[in-house]
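In case you want the letters, here they are:
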Number of protein chains: 2
Amino acid sequence: MASQPNNVGILAMEIHFPPTRLVLEELEAHDEVSKGAYTTDPGQDCMGFVIEDEDVVSMSMTAVTYLLEKYAIDPNQIGRLDVGTETIIDKSKSIKTFLMRIFEEHGNTDIEGVDSHNSSYGGTAALFNCVNWVESSSWDGRYGLVVCTDSAVYAKGPARATGGAAAIAMLVGPDAPIVFEGKIRASYMSHVYDIYKPILDSEDPVVDGEISQTCYLKALDSCYKGLCNKYEKVEGEQFSIDNAAYFAFHSPYNKLVQKSFGRLLYNDFLRNASSIDESARQILAPFESLTGDESYQSRDLDEASQQVAKPFYDEKVEPTTLIPKQVGNMYTASLYAAFASLLHNKHDTLAGQRVIMFSYGGGSTATMFSLKLNEGQHPFSLLNIATVMNVAERLQKRYEYTPPEFDIFVGLYEARREFGIKNDYWCEMPGSILPPGAYYFRGVDSEYRRGYGKKTPEIEQEIEEIILE
Amino acid sequence: MASQPNNVGILAMEIHFPPTRLVLEELEAHDEVSKGAYTTDPGQDCMGFVIEDEDVVSMSMTAVTYLLEKYAIDPNQIGRLDVGTETIIDKSKSIKTFLMRIFEEHGNTDIEGVDSHNSSYGGTAALFNCVNWVESSSWDGRYGLVVCTDSAVYAKGPARATGGAAAIAMLVGPDAPIVFEGKIRASYMSHVYDIYKPILDSEDPVVDGEISQTCYLKALDSCYKGLCNKYEKVEGEQFSIDNAAYFAFHSPYNKLVQKSFGRLLYNDFLRNASSIDESARQILAPFESLTGDESYQSRDLDEASQQVAKPFYDEKVEPTTLIPKQVGNMYTASLYAAFASLLHNKHDTLAGQRVIMFSYGGGSTATMFSLKLNEGQHPFSLLNIATVMNVAERLQKRYEYTPPEFDIFVGLYEARREFGIKNDYWCEMPGSILPPGAYYFRGVDSEYRRGYGKKTPEIEQEIEEIILE
């Protein structure tokens, strides 16, 4: 019988994003939009995208197998597998069942968990569910595994520059270097139509631009207030941004993260928190009596709070922004890619620190929660997680595509969709640019069954021969 | 701070199925199929179906509000809400967010949980997630709420007779009359294409009839073996069907439930369990050395095990079959409708008993788990749950539709879908046959936003006037 688990949290992480890169500055020129429209304005640099031989299943299979291999985890040690995604490839069969292939080969079929769905929030729901399992009476002593996987594809137009794709796998168990502070957590869940996907055969969301950013910020405010209240109950003192070393946000585009952090400062100001000094007080004083609605509309407030927040942003948020700025909107993986960026940048100084995480999904669902970090023990140490994820090299090693090439790939993808050719198609050169050991998507047979393969040295060889032909 | 919870489980239940009824015998005649094709063969009597003014959201809103009202639960006492469904009406926005309307009105937006997806198994995943939350360190002392909601609609042909629809709401918390035995549980999860829904704009599944029943039975065998092993570890004695008073199954059609229970007896026979007497042993002896695959193909074995199982089936399974036989396949709600049937039939003799539950979803995911029952305390007592659900009266009070009327309703539904008129349509007479206080689906506006209403005495009056015009 398993003993009562303590310090339950994330033991290990692995990230996979497509080995593709599009420089958004080049896309601006190609699309003949104003300079900065895809870069300075949203605060983004590059985007990643899946080409024909990757999808949410293959990306998550890659992340999971890499994680198991690199941390030397026996697949039989996994007792639960939770997937978060908003990329629906089947209305019934979960992505979790595809991933069972990896475990069935080793004779392990006793693995609880399915897919958690609500827009970009599904990954956080999956993570909470997995952590709760370890803390429950039905825990059987094995590890939990969480996968966030999404591919964000938008119709031609300015939205297309806000795509992205990634899968992140996280191992969950007791005595973790990344511990959940379960009592310091607040949610804001509401029935709204900000971003939704009611057209089931299209990947494009319906977006109400007017309300979508406000919904995010309103949820942020409510979660922050709730978290502050709960912290004060647990710790007996007021919470302000001083009480956490870092803040990571769901990051559809970086500018929203900057706004959001400014908003936290504004909340601290309204609550008269100690973090706000005299000069900040003066800058924010004109906005003290705004109603909530007025405050979301006020550009002056937005600018003033970002100005006050700037030095804190550079210290507490900027280290979380690398991957989201380089890969784009990864939906469920976005927040955890921000956290992975932090581990990459700061793993050697994170022990003892608290990180506040803000997860958001349209519809809407949001939670702000607290993680407490410690060095951990190899292989489950902050240092090793950063080493395994190897973020800098992976970002750097991506193939750069020009905007016309990007158009071709997305065009191919859309043609398949628009002409209704959704079954009986096969990739031209599956696995071509993927790293060894990665899984690739082969295609879909006449019965709509999806095929996948693993890139072995033999396949590498075969592809090379095709290229050389 | 909440104290450590004990005996976590289901405190209260409520069920809502559409107030419609189609007698399958009449559909046989109408469809000119052989007598028994929709009744004796699958073991079904009637089916329920949604007409134009109900969908998975309205049904679940009805079940949730009825539950809160009838058990006098303040909506602010809910801290978590998990939904299980396989009826996807939006690829991003969860059904849980629709249900937030009920709680937002009361100022409660701090409610964790989203939708759990994998075919008919999603409800079980949602239930486990909710129970685990109560047992976790992040539990805040409030109740959890679980909703299973689905509407099964099939294309014209014999499959259409296997539809159904229902929503079931369950309140979760400590000191429950229906307690989860978390250590007596086993899952079987596998990557298979038995039943799946890859055509995103269609509600029809792709079914591989050859393998689908075998997948169910194979998962059943594996889960039962796992559960027996775990029981033996916990209790120190062999498990057989003698060790549980009742067995409830995911019930797409009753014949599969009969087969499944026979299969458990066959497993007991192979494991040489005490439940198998000499006469049963003789009947099953010819099948002792079959391989697994042979055993799934053998009609003789199927008949022999059902023959041996018959007296036990009548005692331990038959009381769970009422609603599934009368309403049809309710997908995620199916297993819990079987359990509700048991509470309806046997609530006064269930205290102290163990019920084994088998949940299955295509793709595939399956878990067998154990519930231990006690009388409970009003309002959270077995007696009160049975009283609230009021199953007999509700089944009896349904409006009977003739097969041609049924065709018209499903035809209307399909026309909307096939002609792509998925937005900007409104129901002719929303709420007409629904009971007071039920929610109805009004329609979809040009921006694909779904509208709902609650049937009040005023609306009842209005509808009556329209009818009388």
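For the structure, see preceding data.
Throughout, a residue's number is its position along its own chain's written sequence, starting from 1. Going through the entries in the order they are written, you letter the chains from A and number the ligands from 1. It should be noted that, the model being predicted, local features are given only for residues of pLDDT at least 70 and side-chain atom pairs only at 80 or more, the latter also being counted only at that level, while totals for whole chains, interfaces and linings use all residues. Side-chain measures were taken over the full set of non-hydrogen atoms in the model, leaving aside hydrogen atoms and water.

**Thoughts on the overall build of chain A**
The following threshold applies: The secondary structure listing takes helices from DSSP runs of H or I that are at least 4 residues long and strands from runs of E that are at least 2 residues long, numbered from the N terminus. Atoms counted for the radius of gyration: C-alpha only. Globule rule: 2.2 Å times residue count to the power 0.38. Partly exposed residues are those whose accessible area sits between 20% and 50% of the maximum for their type, while under 20% is buried and over 50% is exposed, using a 1.4 Å probe and protein chains only. Contact criterion: two residues are considered in contact whenever any of their non-hydrogen atoms come within 4.5 Å of each other. Residue exposure ignores everything except the shown protein chains as possible cover, and the areas themselves are Shrake-Rupley values with a 1.4 Å probe. The charge count includes Lys and Arg as positive and Asp and Glu as negative, but it does not include His or the ends of the chains. The atoms used to mark charge sites are NZ of Lys, CZ of Arg, CG of Asp and CD of Glu.
Scanning chain A from N- to C-terminus turns up 15 helices and 19 strands. Relative to a compact globule of 469 residues, whose C-alpha radius of gyration would be 23 Å, chain A shows 22 Å and is just as compact. Judged by the C-alpha coordinates and their principal axes, chain A covers about 70 × 65 × 40 Å. For chain A, the residues scored as buried account for 65% of the 469 residues in total. Pairs at least 24 residues apart make up 73% of the contacts formed inside chain A by residues separated by at least 6 positions. In the form shown here, chain A has an accessible surface area of approximately 16,800 Å², with 49% of it arising from carbon and sulfur atoms. Across chain A, the 41 positively charged side chains and the 68 negatively charged ones have centroids separated by 4 Å.

**Overview of the relation of the copies chain B and chain A**
The cut-off we apply is this: When the copies are overlaid, the least-squares fit takes in C-alpha atoms only where the residue has pLDDT of at least 70 in both copies.
Superposing chain B onto chain A takes a rotation of 180° combined with a translation of 0.0 Å along the rotation axis, leaving an RMSD of 0.0 Å. The two molecules are tied by a two-fold rotation axis, judged by turn and shift. Same-surface contact between copies: 100% of interface residues of chain B are shared with the interface of chain A.

**A look at the interface of chain B and chain A**
As a reminder of what qualifies: Buried surface area refers to the total accessible area, computed with a probe of radius 1.4 Å, that the two partners give up upon joining, counted for both partners together. Counted as salt bridges are all cases of a side-chain nitrogen of Lys or Arg within 4 Å of a carboxyl oxygen of Asp or Glu. Polar contact criterion, stated in full: a pair of N or O atoms within 3.5 Å, where within protein one must be able to donate a hydrogen and the other to accept it, and residues adjacent in sequence count only if both atoms are side-chain atoms.
Listed as interface residues are 69 residues of chain B and, on the opposing side, 69 residues of chain A. A combined buried area of about 6,300 Å² lies between chain B and chain A, and 50% of that area is made up of carbon and sulfur atoms. One can count 4 salt bridges joining chain B with chain A. For the pair chain B and chain A, the number of links is 52 residue pairs in polar contact (both at pLDDT 80 or more). At the level of secondary structure, the elements contributing two or more residues to the side of chain B that touches chain A comprise α3 (95–104), β5 (115–117), α4 (122–135), β8 (178–189), β9 (195–196) and α5 (209–235) of chain B.

**Structural notes on the sheet that holds strand β18 (residues 439–444) of chain A**
Residue and element names in this part refer to chain A. Keep this limit in mind: We treat two strands as partners when DSSP finds at least two bridges between them.
Spatially, β17-β18-β19 is the arrangement adopted by the 3 strands of the open sheet, whose pairing is antiparallel. Edge positions in the open sheet fall to β17 (425–426) and β19 (450–454), since each of these has one partner strand only. Note that β18 and β19 share 5 bridges and pair antiparallel. If you follow valine 444 over to β19, its bridge partner there is arginine 450.

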